[in-house]
Amino acid sequence: MKKSIITTLASVTLLLGACSGEVDQTKEKTELIPEEPQDETTTETAETDSNSSASEDMYATDPDKVQDSYDVVVVGSGGAGLAAAISAHDAGASVAVFEKMPVAGGNTNGASAGMNASETIFQEAEGIEDSKEKFFEESLEGGKGTNDQELLRYLTDNAADAIEWLDSLGITLNNLTTTGGMSVPRAHRPEDGSPVGEYLVDGLIENLSERDIPLFLNSEVNGLMQEDGVVTGIDVAVGQTNQMSIQAKSTIITTGGFGASPDMLQEFEPDAADSVTTNHEGATGDGIKMAQEVGADVVDMEHVQVHPTVDQTEGFLITEAVRGEGAILVNQKGERFFNELDTRDAVSEAIQSLDEGYSYLIVDQALRERVPAIDFYESQGLVQKGETLAKLAEEIDVDAETLEATVTAWNEHVQAGEDPDFGRETGMEHQLSEAPYYAIKIAPGVHHTMGGLRINTETAVLDEAGEAIPGLYAAGEVTGGIHGQNRIGGNAVADIIVFGRHAGEEAAK
């Protein structure tokens, strides 16, 4: 499959974590540059120029073409929704996708580290020994043992097959890295090591287009229709103006979480309400609310994850792959203070406990070349550079001798294969020894809401009695229970693809 490049002021912002606060609607215009061979110059232009003649209309469906009924309607066009639509279509159903935002992709656009899966063809090709049981146990430990184990088991048992399903769609994730809480490389990325999100959304949208599955942007669903306890479709403002009721035999909610809703954060996790967020502005819990109106139950709503490495000025998420490829965290004294690849909640707490409340990621040139996202961070003014460690120390106002001693000690730990200071065991394949050196200032920010609609392993939405609500399915961050109290990095993409695909199959039945 030829790769097209979605470029937009909005998606550049979302590339590695959406901005916090209000977003100027003029920045949401999407450009789709189709199937052109790209040299470095062309690609750079495409990623920065929002004035191309191409537009979102190249993949959005004309609102006038909406029908009054479909077998399956999908509410939300993030990774879960796009996967669900493709899966339902391929199972024989007529399908339409409705998205309230002017750009497709949701928070998936900002996914960075990769998609976790075990016992995959790509792990086997690299000689990486892994198991579904290990994947399950480490995810359960990361969730503090509170995960819905049936859902988690379905996730870990089916992730490898989902990797192959994506590959069959021309979306190949064959570059492996490690995320916090994982003992082996099982986060699958695009071949060039770039962030997984935009590549994934781009590929899924291309598959939608190949199947002529309609995708209606700027189309906010206002509620679900229900007759005699059965969900029968949606009320939606198609193209913002055409308010109509659309009948459906099955409805799939894939609207994401509520990480950009100050009101819901205040209700369920007040400590996070004032924090910077990596979420796109549309992540306001709409799907949760509309499902509750027809009797849906929710679970784990109080569990909100903060990501440890977030730029505090604009809310850019700094991908976990930076630490997975060998970066260290230092405080304002220039000292390491924690295991950088512990679980996200633990690393976040360690940073917040520092007197300064922030930290620096320390990177060398070789690591930068392994993680292309760092080029983007630099373009946004987030990276400070020093030709030597001493020069870098001067740039970030830490003691040069201390920083040099910290990096020297780290390199010795890497060479020895163990970290006696903080017990780090992963992301230790490469020393930080190739000048120049770089620093990125970070602190925790709201990233993922673990709570949401209660579902079963068939992705059916359950009511408070634990019974499936006929005609209603859900997948992705809008659901709860899978991740328990804390999500492991790389499991969100696994979640949206495994359960999004499965929701499409179940809804099509």
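Labelled according to an unreviewed UniProt entry, the protein appears under the name Flavocytochrome c, originating from Dolosigranulum pigrum ATCC 51524. Heading Sequence similarities (unreviewed entry) of the UniProt record for the protein holds this comment: "Belongs to the FAD-dependent oxidoreductase 2 family. FRD/SDH subfamily."

K.L.:
Honestly, the overall build of the protein in this entry has me stumped. Any pointers?
P.N.:
Broken down by element type, the protein carries 16 helices and 20 strands. Nonlocal contacts in the protein, meaning residues at least 24 apart in sequence, comprise 75% of its contacts between residues at least 6 apart. Accessible surface computed for the protein: about 19,300 Å², of which carbon and sulfur atoms make up 42%.

K.L.:
Before we go on, may I ask you to explain helix H7 (residues 196-210) in this structure?
P.N.:
Given 3.6 residues per turn, any residue in an α-helix points the same way as the ones three and four places further on. An ideal rise of 1.5 Å per residue puts 21 Å on 15 residues; H7 measures up with 21 Å between its terminal C-alpha atoms. Of all the 15 residues making up H7, 13 are buried; the element is thus mostly covered by neighbouring parts of the structure. Just past H7, the residue aspartate 212 takes up positive phi, approximately 55 degrees.

K.L.:
Honestly, unusual backbone geometry in this entry has me stumped. Any pointers?
P.N.:
Trans is the prevailing form of peptide bonds, just as negative phi is the prevailing case for residues other than glycine. A cis amide bond, omega -5 degrees, links alanine 435 with the succeeding residue proline 436. By the secondary structure assignment, proline 436 is in the loop between helix H15 (400-416) and strand S17 (437-449). Although it is not a glycine, aspartate 228 sits at a positive phi angle of roughly 50 degrees. Structurally, the position occupied by aspartate 228 is in the loop between strand S9 (220-227) and strand S10 (230-238).

K.L.:
Help me out: how do you make sense of the environment of threonine 479 in this one?
P.N.:
Within the secondary structure, threonine 479 is located in the loop between strand S20 (468-474) and helix H16 (491-508). Classification of threonine 479 as buried rests on a relative accessible area of 5%. The spacing of threonine 479 and valine 461 is 18 residues in sequence and 8.7 Å in space, taken between C-alpha atoms. Contact partners of threonine 479, with chain neighbours within four places excluded, come to Met450, Gly451, Gly452, Leu453, Ile455 and Ala474. A distance of 2.7 Å separates a polar side-chain atom of threonine 479 from the backbone oxygen of glycine 476.

K.L.:
Teacher, can you tell me more about the environment of threonine 388 here?
P.N.:
On the secondary structure map, threonine 388 appears in the loop between strand S16 (383-386) and helix H14 (389-396). Threonine 388 sits in the partly exposed class, given a relative accessible area of 38%. Considered as a pair, threonine 388 and alanine 400 are twelve residues apart in the sequence and their alpha carbons are 9.9 Å apart.

K.L.:
Help me understand the nonpolar core, please; the structure alone is not making it clear to me.
P.N.:
With 95 residues, the main nonpolar core has Phe98 and Ile497 as its most contacted residues. One finds Phe316, Leu329, Leu367 and Val371 within the second-largest nonpolar core, a separate group that totals 42 residues.

K.L.:
Honestly, the pattern of salt bridges in this entry has me stumped. Any pointers?
P.N.:
Note that side chains of opposite charge can pair when their charged atoms are close. Throughout the structure, instances matching the rule amount to 21 salt bridges. The closest approach of N and O atoms between aspartate 297 and arginine 454, which form a salt bridge, is 2.9 Å. Of this pair, aspartate 297 sits in the loop between helix H9 (286-292) and strand S12 (298-299) while arginine 454 sits in the loop between strand S18 (452-453) and strand S19 (460-462), placing them 157 residues apart in sequence. Its relative accessible area of 15% is what places aspartate 297 among the buried residues.

K.L.:
Just checking my understanding: could you explain the side chain of serine 77 for this structure?
P.N.:
Along the polypeptide, serine 77 turns up in the loop between strand S3 (69-75) and helix H3 (79-90). The exposure class of serine 77 is buried, given its relative accessible area of 0%. At a separation of 2.8 Å, a polar atom in the side chain of serine 77 contacts the side chain of glutamate 99.

K.L.:
Looking at this structure, I do not really get the environment of tyrosine 358. What am I missing?
P.N.:
By secondary structure assignment, the location of tyrosine 358 is in the loop between helix H11 (344-352) and strand S15 (359-364). Sequence separation between tyrosine 358 and lysine 441 is 83 residues; the distance between their C-alpha atoms is 7.1 Å. Setting aside chain neighbours within four positions, we find tyrosine 358 in contact with Gln332, Ile351, Lys441, Ile442 and Ala443. A polar atom in the side chain of tyrosine 358 sits 2.6 Å from the side chain of glutamine 332.

K.L.:
Help me out: how do you make sense of the packing of aromatic side chains in this one?
P.N.:
Between two aromatic rings, the relevant description is the distance of the centres plus the angle of the planes. One pass over the structure, following the stated rule, counts six aromatic pairs. Ring geometry for phenylalanine 316 and phenylalanine 376: centres 5.8 Å apart, planes at 75 degrees, overall edge-to-face. Taken together, the positions of phenylalanine 316 in the loop between strand S13 (304-310) and helix H10 (321-324) and phenylalanine 376 in helix H13 (residues 373-379) put the pair 60 residues apart, joining distant regions of the chain. Judged by relative accessible area, which is 3%, phenylalanine 316 ranks as buried. Looking at phenylalanine 376, the relative accessible area reads 11%, which means it is buried. Arranged with centres 5.9 Å apart and planes meeting at 85 degrees, the rings of tyrosine 358 and tyrosine 360 form a pair that is edge-to-face. The class for tyrosine 360 is buried, based on a relative accessible area of 5%. Positioned over the ring face of tyrosine 438 is arginine 368, at 4.9 Å from the centre of the ring.

K.L.:
Looking at this structure, how should I read the packing of H14 against H15?
P.N.:
To characterise two packed helices, one gives the angle between the axes of the helices and the distance between these axes. Here H14 crosses H15 at 125 degrees, and the two axes come no closer than 8 Å. What the angle tells us is that H14 and H15 run oblique. Along this stretch, H14 crosses H15, giving a crossing that reads as right-handed. Across the interface between the two elements, Leu389, Ala390 and Ala393 of H14 pack against Ala400, Leu403, Glu404 and Val407 of H15. Residues of the contact of H14 with H15, tallied by class, amount to six nonpolar, no polar and one charged.

K.L.:
What is the right way to look at H16 in this model?
P.N.:
Taking 1.5 Å as the rise per residue, H16 with 18 residues should run 26 Å; its terminal C-alpha atoms sit 25 Å apart, in good agreement. By the criterion of burial, H16 is predominantly enclosed, with 16 of the 18 residues buried.

K.L.:
Explain the sheet that holds strand S5 (residues 115-116) here, please?
P.N.:
Strand order in the open sheet formed by three strands is S5-S7-S6, and the pairing between neighbours is antiparallel. The open sheet has two edge strands with one neighbour each: S5 and strand S6 (175-177). Inspection of the sheet shows S5 paired to strand S7 (residues 187-189) by two bridges, in the antiparallel sense. Looking at S7, one finds that asparagine 116 is bridged to alanine 187.

K.L.:
Is there a simple way to explain the packing of helix H5 (residues 132-142) against helix H6 (residues 149-168) in this structure?
P.N.:
Following both chains from N to C, one finds H5 and H6 inclined at 140 degrees, their axes separated by 9 Å at the closest point. Of the possible angle classes, the one that applies to H5 and H6 is oblique. Crossing of H5 over H6 shows right-handed handedness. For the pair H5 and H6, the contacting residues are Lys132, Glu133, Phe135, Phe136, Ser139 and Leu140 in the first and Gln149, Leu152, Arg153, Thr156, Asp157 and Ala159 in the second. Of the residues in the contact of H5 with H6, the class split is five nonpolar, three polar and four charged.

Calculation criteria
- Residues numbered from 1 in each chain as written.
- Predicted model: local features only at pLDDT ≥ 70, side-chain atom pairs only at ≥ 80, totals over all residues.
- Heavy atoms only, no water.
- UniProt positions renumbered as here; feature names shortened; annotations may be inferred.
- Helix = DSSP H or I, 4+ residues; strand = E, 2+ residues; numbered from the N terminus.
- Contact = heavy atoms within 4.5 Å.
- Areas by Shrake-Rupley, 256 points an atom, 1.4 Å probe, with all protein chains shown as cover.
- Expected span 1.5 Å × (residues − 1).
- Buried < 20%, exposed > 50% of the residue type's maximum accessible area, 1.4 Å probe, protein only.
- Polar contact = N/O pair within 3.5 Å; in protein donor to acceptor, adjacent residues only side chain to side chain.
- Core = buried A, V, L, I, M, F, W, Y, C linked by side-chain atoms within 4.5 Å.
- Salt bridge = Lys/Arg side-chain N within 4 Å of Asp/Glu carboxyl O.
- Phe/Tyr/Trp six-rings, centres within 6.5 Å; stacked < 30°, edge-to-face > 60°.
- Lys NZ or Arg CZ within 6 Å of the ring centre and 35° of its normal.
- Axes fitted to C-alpha atoms, helices over the stretch in contact; angles between N-to-C directions.
- Parallel < 35°, antiparallel > 145°, perpendicular 65-115°, else oblique.
- Left-handed = near helix turned anticlockwise from the far one by under 90°.
- Nonpolar A, V, L, I, M, F, W, Y, C, P; charged D, E, K, R; others polar.
- Pairing = 2+ DSSP bridges.

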